[in-house]
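The primary structure of each chain is shown beneath.
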Amino acid sequence: MIDSLIMLASGAPGKPLFSSPAIDSFKDVVNFWSQPQYSLPLFTILFVLMLVFYRKWSRPIPAGLILVGFSAIYFGSMAIDSNYSLILTKADNVPITIMLFGVGICLWTAFREAATNDKAIEEGKPIPYSDRDDKVLVWPDLVYIELICLVLASAALLFWSVGLPAPLEAPANPAGPPNPSKAPWYFLGLQEMLVYFDPWMAGVILPGMIVSGLIAMPYIDTNPKGNGYYTFKERPFAITTWLFGFIILWVVLIVFGTFLRGPNWNFFGPYEYWDALIQVPLTNINLSDYFWLYLFKSELPTNPFVREGIGIVLSGAWVLAFLTVPWWPLMVDNIPGIGKVSGFARKLFGQMGTIRFLILAFHLAIMAMMPLKMVLRWLFTLKYFIYLPEFNMNL
Amino acid sequence: MIQAIIAYITSTQIWNSVFRHGVPRDRRTRVMAIMSNVFLHLHPVAIRKSGIRLSFTWCMGGLTFFLFLAEAISGVLLMFYYRPVPEYAYSDIVGLRAHVTLGLLREIHRWGAHAMIISIWLHMMRVFLSGSYKPPREFNWGVGVILLVLTMLLSFTGYLLPWDQLAIWAITVGSNMGKATPFLGMQGPLSDLPQLPGGVALVTVRSDAAYLLLAGTSVGENALMRFYVLHCIALPVVTAILIAIHFWRIRKDGGISGPM
Ligand code: HEM
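Residues numbered from 1 in each chain as written. Chains lettered and ligands numbered in written order. Predicted model: local features only at pLDDT ≥ 70, side-chain atom pairs only at ≥ 80, totals over all residues. Heavy atoms only, no water.

**Focus on the packing of aromatic side chains**
No. 1: Summed over the entire model, instances satisfying the criterion amount to 44 aromatic pairs over all chains.
No. 2: Taken together, a centroid distance of 5.6 Å and an interplanar angle of 0° make the contact between F128 of chain B and Y133 of chain B stacked. Just as F128 of chain B is buried, Y133 of chain B falls in that class too.
No. 3: Taken together, W185, Y186, F187, W242, F246 and W250 of chain A together with W121, F128, Y133, W141, F156 and F227 of chain B form an aromatic cluster joined through their ring pairs.
No. 4: The ring of W248 of chain B is capped by K252 of chain B, whose NZ or CZ atom sits 4.5 Å from the centre of that ring. (Phe/Tyr/Trp six-rings, centres within 6.5 Å; stacked < 30°, edge-to-face > 60°. Buried < 20%, exposed > 50% of the residue type's maximum accessible area, 1.4 Å probe, protein only. Lys NZ or Arg CZ within 6 Å of the ring centre and 35° of its normal.)

So this is what it looks like as structure tokens:
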């Protein structure tokens, strides 16, 4: 039913409601800028703006305008492009839309409360609802909320189920993989990572470290503030890091994987036709090739560890930098002319201790390796830092 | 007349054996209503105003729990109609639509699963953004992370059961990652290190991590059976136990967090 409504709204499949040369050039611009090397930095800029201006946009009017504007582009695009509406209305992609709006609206309420609370904190007033004895009885206040939520959620689930049949494709055929073969949507961030990393990183180490990092988080975060209420000002580092991981490296990459990756896992803009015949030549180059062939104009050494030495050293240095740089000020205390530089470091280690810090730094180093490798791929077509096929170990 | 009937019913021994208190209209009976009901007594009798606001919890934990229950019920009903062998799996799914009255079961189960993934992520985001993982709730956050993994595994194992093209190839993509596990997967780094004395390789195509998951070298009938058992028995039972611990700990950690 919803399917056919959407079909109606967007014209017959294959022909958009509106088309004109102006719309076509708009589509070209969007398709171009959606390529990961442009859009991911753009999203990151938007993300930073969101954090910097959280008090401004979280007010009802700007937030409402953003919601309306985004919805207009997001759903309105179906009227100008049939490839786009095909992707958006695919039954298994409907959850992505729900997730996007869910994350957006929840972020809004969180930052709206954070803005209110932060203002109260600045003015030295108590945070709203901070009276511990301000209690209500569970019956009726909470039980009724739960009942209403239960009814609404059941209705929504039933409506969704009546309106949208669960898809079923052709029977399993072990000899004929579809192109593209995609993992379930909630793992597509990891599958997108396969573009940049080998499966042992994208499929094992990265998810493993997401889980270990999440479990370790409450023990690493020693900041006693912001316990039990929304705030940004009192814990900017924790919120920035965590949300960068969740929004940019998880949610945005899922959108890429579902909406913008077509046959052969090639990239397609939102208004592009998924042409299975397009072949993108693989021109990526290993760091060791850059080093020996281009820089030294020599042959690759036969010993794999010598060959990959530069990559091993640089990758090690990357992790080591995260583990050690914050300690350096402790060693060069009292620089003449500048004075004490160790104040922050002392505070940090006084609060955290060595073990907490090392666990945090290691997770940050690996997390930061994801955007690092993406950027290097886009700028220098870098394939691997370390290329050791002898041990199935490529990084 | 109606009054008299109600008065009679509520005075019978049967009624009074079930409901130990009057209609929850005053403070005493309202407290009794929560305390004398096994499900409601998951709650405290009184709760801070900060915690019941929709703008604080977004009701996402509760919604996740609701969806878990909806999945359990629709899942049990689906088990009546489904046989986890390649000969029947696909046609049973087709038959579900054709032959079962009000054939919404599969829709409810599938969309409910997607919704649960979304609601659990949002629940985690709210707990993070409101700093509710901080002491004394560190452990319950950890329980939550395990629940998150279990929920995604539940969804992943269920993805295979319709036995269509989408199913086996999505699971193939996913389980191929298992082949790349360091030390334990055939194509993973350093997989030739685990050896018996005398140089007998321990990790082979027929003994690596992916083989453990699939009970075969590719997604076939053994994998279907394995995923079915995991999906319908092992994972739900563990998840239910952990949810019980999760709720218990919310109470023991002092109820929903709030500003001091
Ligand atoms: C099956 C999955 C889950 C269910 C059914 C569930 C259910 C709930 C419910 C009903 C609450 C009460 C408050 C609220 O609704 O926000 C709650 C609180 C909490 N949940 Fe979950 N949850 C689940 C998964 C998770 C996950 C994935 C995390 C974190 C990674 C988590 C961490 C917490 C914490 C720390 C609290 C206490 C928050 C506070 O006191 O303010 N839970 N959970």
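**Here's the deal with the domain arrangement of chain A**
Much of the literature gives interface size as the accessible area that the parts lose upon coming together.
All names here are of chain A.
No. 1: Splitting chain A by domain gives domain 1 (2-127 + 229-265), domain 2 (137-166) and domain 3 (287-394).
No. 2: Centre-to-centre separation of domain 1 and domain 3, based on C-alpha positions: 33 Å.
No. 3: Taken together, the 10 residues of domain 1 in the interface contact 7 residues of domain 3.
No. 4: Here domain 1 meets domain 3 over a buried area of about 660 Å², counting both sides, of which 95% is carbon and sulfur.
No. 5: If you look at where domain 1 meets domain 3, you find 0 salt bridges.
No. 6: Connecting domain 1 to domain 3 are 0 residue pairs in polar contact (both at pLDDT 80 or more).
No. 7: Put simply, the parts of the chain that give the side of domain 1 that touches domain 3 at least two residues each are α3 (36-52) and α11 (236-260).
No. 8: It is α11 that provides the largest number of residues to the side of domain 1 that touches domain 3, a total of 6 residues. (Domains from an automatic or database assignment. Contact = heavy atoms within 4.5 Å. Buried area = accessible area lost by both parts, 1.4 Å probe. Salt bridge = Lys/Arg side-chain N within 4 Å of Asp/Glu carboxyl O. Polar contact = N/O pair within 3.5 Å; in protein donor to acceptor, adjacent residues only side chain to side chain. Helix = DSSP H or I, 4+ residues; strand = E, 2+ residues; numbered from the N terminus.)

**Points about helix α7 (residues 94-122) of chain A**
An α-helix turns once per 3.6 residues; consequently, residues spaced three or four apart project the same way.
No. 1: Its 29 residues give α7 of chain A an end-to-end C-alpha distance of 42 Å, which sits within 8% of 42 Å, the value for a rise of 1.5 Å per residue.
No. 2: Immediately downstream of α7 of chain A, the backbone of G124 of chain A shows phi near 75°, a positive value. (Expected span 1.5 Å × (residues − 1).)

**Remarks on the site of the ligand**
Residue and element names in this part refer to chain B.
No. 1: Surrounding the ligand, one finds 24 residues, the nearest of these being H123, R126, G144, H246 and S257.
No. 2: Contact between the ligand and H123: a nitrogen atom at 2.8 Å from a side-chain N or O atom of the residue.
No. 3: At 2.7 Å from an oxygen atom of the ligand is found a side-chain nitrogen or oxygen belonging to S257.
No. 4: Where the shell around the ligand is concerned, the elements lending two or more residues are α6 (60-79), α8 (105-129), α9 (138-160) and α12 (221-252).
No. 5: The residue inventory of the shell around the ligand, partitioned by class, reads 12 nonpolar, 10 polar and 2 charged. (Near = heavy atom within 4 Å. Nonpolar A, V, L, I, M, F, W, Y, C, P; charged D, E, K, R; others polar.)

**Let's talk about the interface of chain A and chain B**
No. 1: In this assembly, 94 residues from chain A lie in contact with 88 residues from chain B.
No. 2: The contact between chain A and chain B buries some 8,300 Å² in all, and 73% of this surface belongs to carbon and sulfur atoms.
No. 3: The largest contributions to the chain A side of the interface with chain B come from W139, L168 and Y230 of chain A, which together make up 8% of the buried area.
No. 4: On the surface where chain A and chain B come into contact, there are 4 salt bridges.
No. 5: Our enumeration of links across chain A and chain B arrives at 39 residue pairs in polar contact (both at pLDDT 80 or more).
No. 6: For the side of chain A that touches chain B, the secondary structure elements donating two or more residues are α7, β1 (135-137), α8 (138-163), α10 (199-220) and α11 of chain A.
No. 7: The greatest single-element share of the side of chain A that touches chain B, amounting to 17 residues, is contributed by α8 of chain A.
No. 8: In the side of chain A that touches chain B, the residues fall into 65 nonpolar, 16 polar and 13 charged.

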